[in-house]
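# Understanding the architecture of this molecule
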Amino acid sequence: WTKITGWMLALALPLMAAAQQGSGVKKRPNIVYIMSDDHGYQAVSAYGYGLNHTPNIDRLAKEGVLFTQATVTNSLCAPSRAVLLTGKHSFINGKIDNEARFDWNQDNFAKQLQQHGYQTALIGKIHMDGLPQGFDYSAVLIDQGEYYNPNFIINGKKQQVPGYVTDLTTDMTLDWIAKRDTAKPFCVLFHQKAPHREWLPALRHIAEYTKLKVKEPSTLFDDYKGRGTAARTAEMNILKDMNWAGDSKIPPAMMDELGLKQTLTWDKAAYTNNLGRMTPDERKAWDAVYDPIMADFKKRYPSMSKTELMRWRYQRYMQDYLGTVAAVDDGVGRLLDFLKTNGLDENTIVIYTSDQGFYLGEHGWFDKRFMYEESLRTPLLIRYPAEIPQGKRSASLVQNLDFAPTLLDYAGVAVPKDMQGRSFRKLLNGKDTSWRDAIYYTYYEYPSIHMVKRHYGVRTNRYKLIHFYYDVDEWELYDLEKDPHEMKNVYNDPAYASVRKNLYKKLVQLRKQYKDSDANDQRFLQVAVKKQQ
Ligand code: SGN
Ligand code: CA
């Protein structure tokens, strides 16, 4: 039997491939899933915040759909990637935080695509140990990866590659597509490291971006009075918690001269290691731009007030952050041009998103983790001319949980029953009017860097209810329509009693639906306690 089936398959497969390429038969789409790291939607110009200009990502908005309310289920790097791959919440796929082990043996959508005749690749940041499964080709960064002359693990073998990480990730992606087997459809996960901390832009962008002056968010000087303990005790304030050398790029020797203490124990080392990776020529070009900025800071620092210092640090942060976004945008442009030149633009689904959102000074913060808007939401733009309308915006509550089922749906592969997300293919076609009215969120990495307390919650298109636990037991409720910046917790406001009751009901229902429980939270507490011992 196996012999006969083998023979039959050997004959049938090329025929099937030929049929796919032939006219009459609709070809299965290719998929380019672009995900950057920590790219807040505020820094995609199509979202209209006016911070920067991303003409290439914006092409996807013009030629496809932009989601205004796309969210993640757990606003942290590796957990977000695990959700993308498995289509399951963190408490089901097991990757609850950046430390937990990810079990590559479990099913993922790339494995499914591979089993159904797709060729697959994973290129760039994945932030998970172990050889990626489900990919014919993988070229991944180690852990967080490096900006200059980074190390990659290419199909399991470590190798340092000269160049700038964002450009290299783009090069490798285009290269892999160019060399693919044209008889099969492909799916590539094109994962940029940028704009992750410590924000080192490409040399071609530093002169322009270090001159940038952006508008401050209205909540830059938030005193957290309207909210709970979690917001007050988080350690992600731009003035207090950012590294002087590592992040703001003040040379370690200058820190000593000015009497600046290291913020984190690796503050100076981050600077030395990151810049130390540059070639002498690269370093010269870098210093030519940054030295004068630092010399100017040195003169001004002694007379700067705390407010002035916060303002300086905010601008410095934005310059480098937005500088790294510029190369990501270049890469998207190169990819779109490449698809067009190679006749692939009609039949390729292109998605642009980030592993989560990011604070660009809102509430005085950088980083993410919280279920508050800037980190809960993530940019999401999709282009696929064969099916998706052009230039539309959608406020539907889609999540990264939905990527796996959506992509399988487009590929014509049955969605495994245990995936928890839902395909939004019909939603994009305007054929699904019963989309979910609330999303569920969990966050676990505490106590840890940035000290964002454990929490879970529910968000509808108007309200948000959050429960912080572990070493507190606090609830927060926000009315996003009246209070879009989430400055006032109305959990105890009698005017919101019935809203609160309904949201709580919804929360209980979602926890049940997704198979989450207090028992899960307890189980993961044990993991954390063990980790600290
Ligand atoms: C590092 C960063 C943190 C960041 C985490 C997780 N610190 O620890 O600021 O929150 O990564 O980021 S650093 O000083 O080492 O840069 S994530 O995107 O990978 O989840
Ligand atoms: Ca991230």
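For the structure itself, consult the block above.
The text that follows walks through the structure, step by step, so that each part is easy to find.

Conventions we followed
Each chain carries its own residue numbering, running from 1 in the direction its sequence is written. Chain letters start at A and ligand numbers start at 1, both assigned in the order the entries are written. Selection of residues for local features in this predicted model requires a pLDDT of at least 70, selection of side-chain atom pairs for listing and counting requires 80 or more, and totals for whole chains, interfaces and linings are taken over all residues. Side-chain descriptors were evaluated using all non-hydrogen atoms of the structure, hydrogens and water having been removed beforehand. For the purposes of this entry, the term helix denotes a DSSP run of H or I that reaches at least four residues, the term strand denotes a run of E that reaches at least two, and both are numbered from the N terminus. Relative accessible area decides the class of each residue, using a 1.4 Å probe on protein chains only: under 20% of the type maximum gives buried, over 50% gives exposed, and in between gives partly exposed. Summary of the distance rule: residues count as near a molecule or strand when at least one heavy atom falls within 4 Å of that molecule or strand. In protein, a polar contact requires one atom able to donate a hydrogen and another able to accept it; more generally it is a pair of N or O atoms within 3.5 Å, and residues adjacent in sequence count only if both atoms are side-chain atoms. Only the protein chains shown count as cover for residues, and all accessible areas are computed by the Shrake-Rupley method using a 1.4 Å probe. For this classification, the nonpolar set comprises Ala, Val, Leu, Ile, Met, Phe, Trp, Tyr, Cys and Pro, the charged set comprises Asp, Glu, Lys and Arg, and every other residue, Gly included, is treated as polar. Here a donor is an N, O or S atom found within 2.8 Å of the metal, or within 3.2 Å if the metal is Na, K or Ca; sites may look incomplete because water is not among the atoms. Here the metal geometry follows the donor angles, with tetrahedral for four donors whose angles all fall between 85 and 135 degrees, square planar for four and octahedral for six when opposite donors are more than 155 degrees apart and every other angle is between 65 and 115, and irregular for all the rest. Two strands are counted as paired when DSSP detects at least two bridges linking them. A carboxyl oxygen of Asp or Glu within 4 Å of a side-chain nitrogen of Lys or Arg is what we treat as a salt bridge. We call a pair of cysteine sulfur atoms a disulfide whenever their separation is within 2.5 Å. Where helices are involved, their axes are fitted lines through C-alpha atoms of the stretch in contact, as for all axes, and angles between N-to-C directions lie from 0 to 180°. In this analysis, two residues are considered to be in contact whenever any of their non-hydrogen atoms come within 4.5 Å of each other. Each angle receives one of four descriptions, namely roughly parallel if under 35 degrees, roughly antiparallel if over 145, roughly perpendicular if within 65 to 115, and oblique otherwise. Here the arc refers to the directions that run from the helix axis out to each C-beta atom.

Turning our attention to the environment of Asp 175. As for its placement among the helices and strands, Asp 175 is situated in helix H6 (residues 165–178). The exposure class assigned to Asp 175 is partly exposed, which follows from its relative accessible area of 40%. On a C-alpha basis, the gap between Asp 175 and Ala 288 in space is 33 Å, while along the polypeptide they are 113 residues apart.

Moving on: the site of ligand 1. Neighbouring ligand 1 are 18 residues; Arg 197, Trp 266, Asp 367, Arg 369 and His 450 lie closest to it. One nitrogen or oxygen atom from the side chain of Asn 98 is found 3.0 Å from an oxygen atom belonging to ligand 1. Protein coverage of the free-state accessible area of ligand 1, which is 460 Å², stands at 89%. Split into classes, the residues belonging to the shell around ligand 1 amount to 4 nonpolar, 6 polar and 8 charged.

Below, the discussion takes up the coordination of the calcium ion (ligand 2). Taken together, Asp 37 (OD), Asp 38 (OD), Asp 355 (OD), Asp 355 (OD) and Gln 356 (OE1) make up the full set of protein donors to the calcium ion (ligand 2), lying 2.1 to 2.8 Å away. In this structure, the calcium ion (ligand 2) is coordinated by 6 donor atoms arranged in irregular fashion, with angles at the metal of 49 to 173 degrees. Using a relative accessible area of 1% as the deciding quantity, one classes Asp 38 as buried.

Another aspect to go through is the pairing of strand S8 (residues 348–354). Taken across its 7 residues, S8 has 7 buried, putting it largely inside the fold. Because side chains alternate across S8, one face comprises the buried residues Thr 348, Val 350, Tyr 352 and Ser 354, and the other comprises Ile 349, Ile 351 and Thr 353, equally buried. By the bridge criterion, 7 bridges tie strand S1 (residues 30–36) to S8 in an arrangement that is parallel. Residue pairing in the sheet places Ile 34 in a bridge with Tyr 352 of S8. Alignment of S8 against strand S9 (residues 380–383), held across 4 bridges, turns out to be antiparallel. In the strand pairing of S9, Val 350 is matched with Arg 383.

Once that is clear, we can look at the pattern of salt bridges. Applying the stated criterion to the full structure yields 39 salt bridges. Arg 283 serves as the salt-bridge partner of Asp 287, at 3.2 Å between the closest nitrogen and oxygen. Taken as a pair, Asp 287 and Arg 283 lie in helix H11 (residues 280–300) at a separation of 4 residues, close to a single helical turn. Among the residues examined, Arg 283 registers a relative accessible area of 27% and is labelled partly exposed. When the shortest N-O distance is used, the salt bridge between Arg 316 and Asp 320 registers 2.9 Å. Within this pair, Arg 316 and its partner Asp 320 are both found in helix H12 (residues 306–341), separated by 4 residues, close to a single helical turn. According to the relative accessible area criterion, Arg 316 is buried, its value standing at 2%. A relative accessible area of 0% places Asp 320 in the buried class. It is possible to trace a salt-bridge network through shared partners that takes in Asp 38, Asp 367, Lys 368, Arg 369 and Glu 445.

If you walk through the whole model with that rule in mind, you get 0 disulfides. As a non-bridged cysteine, Cys 77 has Cys 187 as the owner of its nearest cysteine sulfur, 18 Å distant. Taking relative accessible area as the criterion, Cys 77 reaches 2% and is therefore assigned buried.

Strand order in this open sheet of 10 strands is S6-S5-S4-S3-S7-S1-S8-S9-S2-S10, and the pairing throughout is mixed. Looking along the sheet, the strands with just one partner apiece sit at the ends: strand S6 (157–160) and strand S10 (392–394). Sheet twist, expressed as the mean angle between neighbouring strand axes with direction ignored, is 15 degrees. Here 4 bridges tie strand S3 (residues 119–124) to strand S4 (residues 137–141), and the two strands are oriented parallel to one another. Residue pairing for S4: Ile 123 is matched across the bridge by Ala 139. Relative to the sheet, H6 contacts S1, S3, S4, strand S5 (151–154) and strand S7 (186–191), its axis offset from that of S7 by approximately 175 degrees.

As a further point, take the packing of helix H2 (residues 55–63) against H12. As a packed pair, H2 and H12 sit with axes 6 Å apart at the nearest point and diverge in direction by 55 degrees. Taken together, the axis directions place H2 and H12 in an arrangement best described as oblique. On H12, the residues that touch Pro 55, Asn 56, Ile 57, Arg 59 and Leu 60 of H2 are Asp 329, Asp 330, Val 332, Gly 333, Leu 336 and Asp 337. Classifying every residue of the contact of H2 with H12 gives 5 nonpolar, 2 polar and 4 charged.

A word on unusual backbone geometry. The amide bond that connects Ala 194 to the next residue, Pro 195, takes the cis arrangement and shows omega of -5 degrees. When you line up the elements, Pro 195 lands in the loop between S7 and helix H7 (203–209). Cis geometry is found at the peptide bond from Arg 197 to Glu 198, where omega equals 10 degrees. Take Glu 198: it is sitting in the loop between S7 and H7. Phi angles above zero are rare outside glycine, and Arg 369 is one such case at about 80 degrees. Residue position: Arg 369 is located in the loop between S8 and helix H13 (373–376). The backbone of Tyr 470 shows a phi angle near 90 degrees, a positive value even though the residue is not glycine. With respect to the element layout, Tyr 470 can be found in the loop between strand S13 (463–468) and strand S14 (474–479). You can call Tyr 470 partly exposed: its relative accessible area is 32%.

Buried residues of helix H10 (residues 267–276): Asp 267, Ala 270, Tyr 271, Asn 274 and Leu 275, and no others. Taken around the axis of H10, the buried residues stretch over an arc of 105 degrees, which confines them to a single face. Within H10, the exposed residues directed more than 90 degrees away from the buried face are Asn 273 and Gly 276. Buried residues in H10 make contact with helix H9 (252–258) and H11.

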